[in-house]
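Read off the chains here:
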Amino acid sequence: MAVTLGYPIDLHTHSIKSDGALSPAELVKRAAARGVTVQALSDHDTLAGVAEAVAEGKRLGVRIIPATELNTESEWGDVHVLAYFVDPNDAAFEEKLKWLRENRGRRIDLMVENLNRLGYKVSLDRVREIAQGGSLGRPHLAQALFEAGHVPSYDAAFDTLISKESPAYVSRVGLAPLEAVELVRKHGGVPALAHPGTVLGLEALLPQLVSAGLRGIECYYGSHTPTRTAGYLRLAARFALVPTGGSDFHGRGDHGADLGGVFVPPDTIAALEALTIRSSW
Ligand code: AMP
Ligand code: FE
Ligand code: FE
Ligand code: ZN
């Protein structure tokens, strides 16, 4: 049997608890089969999958790092903050995540209304069914639009009906970039900037994010050219940030790489762990 091996560390993955396609256990199983031994489960605005992933990881020899990805949308473009080593039992943090998930739900409701008004009939019930209780996002909407025959493929939806330029698009309500970083730091986690290529004015924003508590930057990412990775590594060195990396695997469409599909240096985990704040426990 042919086994495709990936790299052993993957610090950016999504399950059905947000907009990925696989259950946390299925995700860890696939990661293990590809040779991953350390995996961060970084679902958007939720830590609901962590316990299941940890249990499956124990069985299969995969260390699971609890994480979440906080998406912000502002004049700085898409600033996504990965929060590593956050505590799934931190009630105050969960309260904030719940608010973000509620905002996600309202935003998708509004986008469904807009699409229906524009003549692209799509049922909110079906969108929620696709999400299976996970943090709602445009991927669930893309799936419903594809099923209804309004777009030729799941991926095509992101370039047309649900793109930022589409009249159906609704902006995200939530945290500002600095607030996201501060929130993670306040709750003892280690904030890292995800896929920095989606940020507008990165060099101007980065010093502010660092002052707010940013500790890592995702230098290693599937769509980065070696030149881009080298540029982000220079920024990491300049701002004393830990260079992180991951696949951003969702298991839906072409977005992200496959699990373990991106090289991440072995010393990354210890470097991140050393930056956690555990004094309040
Ligand atoms: P939302 O948080 O609702 O704005 O949706 C953003 C999510 O959509 C990301 O986390 C990805 O999972 C997915 N996504 C973003 N851009 C694309 C794209 N061009 N093609 C496919 N999926 C995408
Ligand atoms: Fe996503
Ligand atoms: Fe992201
Ligand atoms: Zn992601």
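Heads up: these notes are all about the structure in this document. (Residues numbered from 1 in each chain as written. Chains lettered and ligands numbered in written order. Predicted model: local features only at pLDDT ≥ 70, side-chain atom pairs only at ≥ 80, totals over all residues. Heavy atoms only, no water.)

## Digging into the pattern of salt bridges
Move 1: Evaluated as defined, the whole model comprises 13 salt bridges.
Move 2: Of the charged contacts, one joins E147 and R126 as a salt bridge, the two residues approaching to 2.7 Å between their closest N and O atoms. Taken as a pair, E147 in helix 5 (residues 138-147) and R126 in helix 4 (residues 124-131) lie far apart in primary sequence, 21 residues in all.
Move 3: On the basis of relative accessible area, E147 is assigned to the partly exposed category, the value being 40%. (Salt bridge = Lys/Arg side-chain N within 4 Å of Asp/Glu carboxyl O. Helix = DSSP H or I, 4+ residues; strand = E, 2+ residues; numbered from the N terminus. Buried < 20%, exposed > 50% of the residue type's maximum accessible area, 1.4 Å probe, protein only.)

## Points about the layout of surface pockets
Move 1: What the largest pocket holds in volume is close to 670 Å³.
Move 2: Lining the largest pocket we find 28 residues, and of these H80, R138, F158, D248 and H255 sit closest to its centre.
Move 3: Mapped by element, the contributors of at least two residues to the lining of the largest pocket are strand 3 (63-74), strand 4 (77-84), helix 3 (91-117), helix 5, helix 6 (154-159) and helix 9 (226-238).
Move 4: The leading source of residues in the lining of the largest pocket is helix 6, at 4 residues.
Move 5: Its residues placed into classes, the lining of the largest pocket shows 5 nonpolar, 11 polar and 12 charged.
Move 6: If you add up the space inside the second largest pocket, you get close to 170 Å³. (1 Å grid on protein atoms, 1.4 Å probe; cavity = no way out; pocket = protein on both sides within 12 Å on 5 of 7 lines; lining within 4 Å. Points joined across faces, edges and corners; volume = space filled by probe spheres on them. Nonpolar A, V, L, I, M, F, W, Y, C, P; charged D, E, K, R; others polar.)

## Brief notes about the site of ligand 1
Move 1: In the vicinity of ligand 1 there are 13 residues, among which H44, R107, R138, R172 and H250 approach most closely.
Move 2: Within the side chain of H44, an N or O atom sits 3.0 Å from an oxygen atom of ligand 1.
Move 3: Take R172: an N or O atom from its side chain is 2.9 Å from an oxygen atom of ligand 1.
Move 4: When ligand 1 is considered free in solution it has 500 Å² of accessible area, and contact with the protein chains removes 84% of it. (Near = heavy atom within 4 Å. Polar contact = N/O pair within 3.5 Å; in protein donor to acceptor, adjacent residues only side chain to side chain. Areas by Shrake-Rupley, 256 points an atom, 1.4 Å probe, with all protein chains shown as cover.)

## Examining the sheet that holds strand 7 (residues 242-246)
Move 1: The strand order 1-2-3-4-5-6-7 describes an open sheet built from 7 strands, whose pairing is mixed. This sheet does not close on itself; its edge strands, each paired only once, are strand 1 (9-13) and strand 7. Put simply, the sheet's adjacent strands are angled 35 degrees from each other on average, direction ignored.
Move 2: As paired elements, strand 4 and strand 5 (residues 190-193) share 4 bridges and run antiparallel to each other. Looking at the pairing, Y84 lines up with V190 of strand 5. (Pairing = 2+ DSSP bridges. Axes fitted to C-alpha atoms, helices over the stretch in contact; angles between N-to-C directions.)

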